[in-house]
Amino acid sequence: MPRVHIKTNIFLSKQKKRNIFDEVKKVVDAVPYESGEFVLADFDDEASMMFGADPGESSLILEFYVLDKVYQKVEADIWEKALFLMTEIVCQESGISPSRCYAYICQVPIWSYEGKNIEKGLLKLDE
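Residues numbered from 1 in each chain as written. Predicted model: local features only at pLDDT ≥ 70, side-chain atom pairs only at ≥ 80, totals over all residues. Heavy atoms only, no water.

(A) Broad picture of the packing of aromatic side chains. Applying the stated criterion to the full structure yields three aromatic pairs. Here the aromatic rings of Phe 64 and Trp 79 are separated by 6.1 Å at their centres, their planes lie at 50 degrees, and the arrangement is tilted. Of this pair, Phe 64 sits in strand β3 (residues 60–67) while Trp 79 sits in helix α3 (residues 76–94), and the two are 15 residues apart along the sequence. One exposure class covers both Phe 64 and Trp 79, and it is buried. Measuring from ring centre to ring centre gives 5.3 Å for Tyr 71 and Trp 79, while their planes differ by 20 degrees; the resulting arrangement is stacked. You can call Tyr 71 partly exposed: its relative accessible area is 22%. For Trp 79, a relative accessible area of 2% corresponds to the buried category. Linked through ring pairs, Phe 64, Tyr 71 and Trp 79 together constitute an aromatic cluster. (Phe/Tyr/Trp six-rings, centres within 6.5 Å; stacked < 30°, edge-to-face > 60°. Helix = DSSP H or I, 4+ residues; strand = E, 2+ residues; numbered from the N terminus. Buried < 20%, exposed > 50% of the residue type's maximum accessible area, 1.4 Å probe, protein only.)

Pasting the structure below:
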């Protein structure tokens, strides 16, 4: 049940957003205990952002939110690879250099879907 939040100071067309969403879902599908079917992506384009020595240049931040218990069960190198691939996708679609992008994973202690704690319903982490 991951969430991807992308914030940038450039305009992203609906097609670019859709391309990013579709490709990120494929990356998430490759992560154990995750499913691209449940990816939620939100975009905050044309945001007021400044980065580095040239604050007027295009920049981007990619935040990937995942349930803490899922994060703990998956090997660190898998998360590193997934974050690298998502960054590559977003940079390619946006045209922003990877040197102007930040990306990180946020671990969320509890997540609900349809008003229920997914850890107790949809996920079977103890199996």
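(B) Broad picture of the environment of Pro 32. Position of Pro 32 among the secondary structure elements: in the loop between α1 (14–29) and β2 (40–44). Residue Pro 32 is classed as partly exposed on the basis of its relative accessible area, which comes to 35%. Sequence separation between Pro 32 and Lys 73 is 41 residues; the distance between their C-alpha atoms is 8.5 Å. If near-sequence neighbours (up to four positions away) are discounted, Pro 32 is found in contact with Val 70, Val 74 and Ile 78. (Contact = heavy atoms within 4.5 Å.)

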